[in-house]
Amino acid sequence: MDESDLKKKTARGLLWGGIGSGGMQLLNLAFGIILSRILSPDDYGIVGALAIFSAVAGIFTESGFTLAIVNRKTASESDYCSVFWFNLVVGGVLYTALFFLAVPIASFYNTPEMVPLARFLFLSFFIGAIGSAPSAYLFRNLEIKRRSKILLASVAISGAAGVGCALAGMKYWGIAVQTVLYSLSLTMMLWCSVDFRPKMTFSAGAIRDMLPFSVKQMAVALFTHVNNNFFAMLLGRFYGMQKTGYYTQGNKWTTMGYSTLSGMINSVGQPVMRQTVEESERLHRVFRKMLRFAAFVSFPAMFGLCIVARELISITITDKWLPAVAVMQILCVGGAFMPLATLYGNLFNSIGRPGIYMWNTIILGLIQIGLAVTTYTYGMNTMLTAYVIANVLWLFVWQYFAGRSIGLRLRDVVADVVPYMVAAAAVMATTWLAASMIVNDWLSLATKVIMAATLYSLIMWLSGSTVFRETFRYFSKK
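Chemist: With reference to specific residues and values, describe the nonpolar core.
Modeler: Grouped together as the largest cluster of nonpolar side chains are 104 residues, with contacts concentrated most on Phe299 and Tyr344. Looking at which element gives the most residues to this core, the answer is helix α12 (residues 280-307), with 15 residues. Apart from residues lying up to four places away in sequence, phenylalanine 299 is in contact with Gly304, Ala336, Phe337, Leu340, Val417, Tyr420, Met421 and Ala424. Residues Ala133, Ile150, Leu190 and Val194 belong to the second largest nonpolar core, which totals 21 residues.

Set out below in structure tokens:
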């Protein structure tokens, strides 16, 4: 694929990846607001405490084979069939194990009602295993538009069902129904969207060939999810379900923000960079351009979300959730850097160095778990601050290995990233000070959003930002 075609395909992928990720977050936001008004922090806490078990099982079930197929030069029907049957068997075994472990899990949390809830909730990862092969097919072939439409439809269906259950008085079961139905509707629509159908064939050789790459991806996903859910488990054990609910709510809002951009990057990052891996100079250009785009969008979005956290929570889910504001603000600062780390991960996978991605993620995860265990006695906010600082500082480690692997220089990365970070921080600080005397939440929110967007756009225009001008021209044409 020549550079012009690759650029067009990347732009379309980023557009539809953004539409898919952004649309999903908006729908989740809408349904989340309704559920948060109906349900209590304890309801969110009991489901949030189970999330780590479901997430870990889901990772073992998928086993990293989706990205392994993407990274192969060619993918045969036998490869897809082998991955399908492997994931299905592993998912069945893990669900059976967790079905019987539901009793000791509930005992750990001193919450007997968790037993039936866990057994139902854990169905989500088993159902997801059935859809792994068609998902890999769409991802490998950059069918971002089709995949985005499926994701949006699944969120809409499951969200409506979850709200309906909550309104019917089912409490935390509404969240569980939403989770399981999302996996079910997504899997069904994925299979309807592809021509591939699994045959009764299994190639141990194909699995063996993909295993070195897939194991590393599984380890990355495992430690990422453990980190994301470890706080909920620790808080549920030592602080109770209410505190866990506040954390879950604050983390959910933050994740909605940075996941939109990370989803855009993940939708095209590895497949696109994989096509330039044999041309070092071209790979540098592609990576640095995507890095600038990530910084251009992520810093204003997440810093902006930080300064409107109080108004958003108060307006949308009422003042009963105000203790979640501090959680959200701390995590927003760290979330601004998450898409950059995602891009480095895509780079290492693309150049055939998944081991770098794996070991860095594992070591960072162990450090963050250690920080959480040693700081939890000082309170939830101290734990989260330590977690965020470790996450941000680890970017220098990612960069060190990128420099060794492809010769990417730190000063080039600093030149690409820091101007957007400084501009966004200055704009948000100015906006926060200017609106700090406004008492009405609606007026404060509107003032901050309009002022921040105007100032940031003006700075980008006056500074001659290439990313800003190219993005503006692209959407103007559309």
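Next comes the rest of the account.
Chemist: Could you give an account of the pattern of salt bridges, with specific residues and numbers?
Modeler: Summed over the entire model, instances satisfying the criterion amount to six salt bridges. Across the pair arginine 288 and aspartate 416 runs a salt bridge, and its minimum N-O distance is 2.7 Å. Taken together, the residues arginine 288 in helix α12 and aspartate 416 in helix α19 (residues 410-435) connect sequence positions 128 residues apart. Taking relative accessible area as the criterion, arginine 288 reaches 23% and is therefore assigned partly exposed. A salt bridge links arginine 292 to aspartate 416; the shortest N-O distance between them is 3.2 Å. Of this pair, arginine 292 sits in helix α12 while aspartate 416 is found in helix α19, placing the two residues 124 residues apart along the sequence. The network of salt bridges with common partners includes Arg310, Glu311, Asp441 and Lys448.

Chemist: Give me α19: which residues, what numbers.
Modeler: Between the first and last C-alpha of α19 there are 37 Å, a value that for 26 residues agrees with the 38 Å anticipated at 1.5 Å per step. Listed as buried for α19 are Asp412, Val413, Asp416, Val417, Tyr420, Ala423, Ala424, Val427, Met428, Thr431 and Ala435.

Chemist: Go over a nonpolar patch on the surface, please, and point to the residues and values.
Modeler: On the surface, Ile389, Leu393, Phe396, Leu410 and Val414 cluster together into a nonpolar patch covering about 470 Å² of accessible area. Residue assignment for the nonpolar patch shows that the elements contributing at least two residues are α17 (380-393) and α19. For leucine 393, the location among the structural elements is in helix α17. We classify leucine 393 as exposed; its relative accessible area is 51%.

Chemist: Got a sec to walk through the side chain of serine 298? Specific residues and values, please.
Modeler: Topologically, serine 298 is positioned in helix α12. At 2.6 Å, the side chain of serine 298 forms a polar contact with the backbone oxygen of alanine 336.

Chemist: With reference to specific residues and values, describe the packing of helix α16 (residues 354-375) against α17.
Modeler: Contact pair α16 / α17: the axes reach a minimum separation of 9 Å and the direction vectors enclose 160 degrees. Between α16 and α17, the angle falls in the class roughly antiparallel. Where α16 crosses over α17, the handedness of that crossing is right-handed. On α17, the residues touching Leu364, Gln368, Leu371, Ala372 and Thr375 of α16 are Thr382, Met383, Ala386, Tyr387, Ala390 and Asn391.

Chemist: Now, about unusual backbone geometry: what can you tell me, with residues and values included?
Modeler: Not every positive phi belongs to a glycine, and asparagine 110 is a case in point at roughly 55 degrees. Structurally, asparagine 110 is set in the loop between α4 (77-108) and α5 (114-121). Relative accessible area serves as the criterion here: at 62%, asparagine 110 is assigned to the exposed category. If you check the backbone angles, lysine 171 has positive phi at about 55 degrees while not being a glycine. By the element assignment, lysine 171 lies in the loop between α8 (144-167) and α9 (173-193).

Chemist: For the environment of phenylalanine 86, give the residues involved together with the corresponding values.
Modeler: With respect to the helices, strands and loops of the structure, phenylalanine 86 is situated in helix α4. Separated by 118 residues in the primary sequence, phenylalanine 86 and alanine 204 place their C-alpha atoms 9.6 Å from one another.

Analysis parameters
- Residues numbered from 1 in each chain as written.
- Predicted model: local features only at pLDDT ≥ 70, side-chain atom pairs only at ≥ 80, totals over all residues.
- Heavy atoms only, no water.
- Core = buried A, V, L, I, M, F, W, Y, C linked by side-chain atoms within 4.5 Å.
- Buried < 20%, exposed > 50% of the residue type's maximum accessible area, 1.4 Å probe, protein only.
- Helix = DSSP H or I, 4+ residues; strand = E, 2+ residues; numbered from the N terminus.
- Contact = heavy atoms within 4.5 Å.
- Salt bridge = Lys/Arg side-chain N within 4 Å of Asp/Glu carboxyl O.
- Expected span 1.5 Å × (residues − 1).
- Patch = residues over 30% accessible without salt bridge, like charges linked within 9 Å, V, L, I, M, F, W, Y side chains within 5 Å.
- Areas by Shrake-Rupley, 256 points an atom, 1.4 Å probe, with all protein chains shown as cover.
- Polar contact = N/O pair within 3.5 Å; in protein donor to acceptor, adjacent residues only side chain to side chain.
- Axes fitted to C-alpha atoms, helices over the stretch in contact; angles between N-to-C directions.
- Parallel < 35°, antiparallel > 145°, perpendicular 65-115°, else oblique.
- Left-handed = near helix turned anticlockwise from the far one by under 90°.

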